[in-house]
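Working through the structure, step by step
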Amino acid sequence: MTDPLAPNPIQTVAILTLGCKLNQAESESMARELVAAGCRVVDRPAAADAFIINTCSVTHVADRKSRHLVRLARRLSPGAAVVLTGCYAETAGQSLRELTGADLVVDNRDKTEVVRRLLALRPPVCHDGAAFRPPAEAGRLRTRAFVKAQEGCNDVCAFCIVPFTRGRERSVPVAEVVAAVRAREAEGVQEVVITGTQLGAYGRDLGSGQGPYALIRALLAETAVPRIRFSSLQPQDINERLLALWEDPRLCRHFHLALQSGSDTTLRRMRRRYTLDRYRQALALIRSHVPEAAVTTDVMVGFPGETEGEFQETEAFCREAGFAGMHVFPYSRRPHTTANLLREHVPEPVKKERLARLLAVARESARAFRSRLVGRTASVLWEEAQPAPAGGLPVWEGLTDTYVRVFLPSGQGLRNRLTAVRVLGLTDEGVLAEPLP
């Protein structure tokens, strides 16, 4: 552990973020605070005067990655201050200081205090005596921004630690979300991603008439940002009134609809609040009201008691659903969850085998979705370019509104621009395109 009294003032801070889009939104807020205080901010492992590691604890693997980032920070900059926050900080508490050697551990309830506490520990030094402003190409704050609209969850699914780490549902008032989006718009952001632990629950704590419909309608009416992504919902949140809002082309045609299991029996053990029939209805509604929409999902394998037959039901349903993308992961025992107390835990070799089978389905499904774009035109928001190979052009990367990654060789400066392209073919990670004349 470093000496907090050591004279090591802060000029550069690395913010390393694990886990969900909500963490990304909170990391962006911290980055803005630091820049306002005169610090330079980077969002990847690099030599720095301080590190803020915004952790995840949804699985034991996420815990391990958090500890690894602390070790990496110490190797990169032995004298740097290291601050741990996020869900792993919530579950493990102050014991993480001894376990990892971090200088500060700040739980989710005090996450808004992270920057203040860091700067109290190590005061910043402004570049050339003035607040430093990173160039536009140094980060992604001016391309896609994450805005938090909601936090917490009341559902308490059997496997999920989030209600413990994030607490009860709390929504940000509509006017505040609109103001945050307007601020990002003024910075030149082209896409705003609205985030939350349980976005479909937005407004339940604010009173009648304050649900997702009201929030999206206000964003469309009171902001002008070119793209709004509001993707994470539950099947029971989908209805015709909500989907009618997607007639506005500013809303990205992308819905992240968590599945978790394709077996009704397993869903009941998980305490999910929908059946497969309800999920099918949600898919049908989305595809009838938002043509060509991308539906992505999360699927867990090896939940306690999952039989081979139940897994095969999941495998078959995922093939049937035709997801544009699948996040497939093995069940991980978590403290503070009821699933941790269940018997009949699936052996690790079985989970590993099922994971491999479902990942193969995920690859096939994603490739099938992307293949439908070949020969078509698409609008792409460009984020960054990979260095040019010898004798070639830099390869730019960007996203369609359906969350497909696009690659385009070009000598132009495309960052933070929305341009139309024609899709030529598939790559391992997305599609290859050419600019339209």
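Keep in mind that what you see is a predicted model, and the values were worked out from it rather than measured.

**Here's the deal with the pattern of salt bridges**
- Under the defined criterion, the tally for this structure stands at 38 salt bridges.
- Here Asp103 makes a salt bridge to Arg74, at a shortest N to O gap of 3.1 Å. Placement of the pair is Asp103 in the loop between helix 4 (95-100) and strand 5 (104-106) and Arg74 in helix 2 (residues 60-76), with a sequence separation of 29 residues. Summarising the burial analysis for this pair, Asp103 and Arg74 share the class buried.
- Residue Glu191 is joined to Arg227 by a salt bridge in which the shortest nitrogen-to-oxygen separation is 3.1 Å. Of this pair, Glu191 sits in strand 9 (residues 191-195) while Arg227 sits in strand 10 (residues 227-229), and the two are 36 residues apart along the sequence.
- For Glu191, a relative accessible area of 0% corresponds to the buried category.
- We classify Arg227 as buried; its relative accessible area is 4%.
- Linked by salt bridges that have partners in common, Arg144, Glu191, Arg227, Arg229, Glu383, Glu397 and Arg405 make up one network.

**Some points on the sheet that holds strand 19 (residues 431-435)**
- Spatially, the five strands close up into a barrel ordered 15-16-17-19-18, and their pairing is mixed. On average, each strand axis in the sheet is tilted by 55 degrees relative to the strand beside it, whichever way the strands run.
- With five bridges joining them, strand 15 (residues 377-386) and strand 18 (residues 418-426) adopt antiparallel strand pairing. Note that in strand 18 the partner of Leu381 across the bridge is Leu418.

Parameters at a glance
Residues numbered from 1 in each chain as written. Predicted model: local features only at pLDDT ≥ 70, side-chain atom pairs only at ≥ 80, totals over all residues. Heavy atoms only, no water. Salt bridge = Lys/Arg side-chain N within 4 Å of Asp/Glu carboxyl O. Helix = DSSP H or I, 4+ residues; strand = E, 2+ residues; numbered from the N terminus. Buried < 20%, exposed > 50% of the residue type's maximum accessible area, 1.4 Å probe, protein only. Pairing = 2+ DSSP bridges. Axes fitted to C-alpha atoms, helices over the stretch in contact; angles between N-to-C directions.

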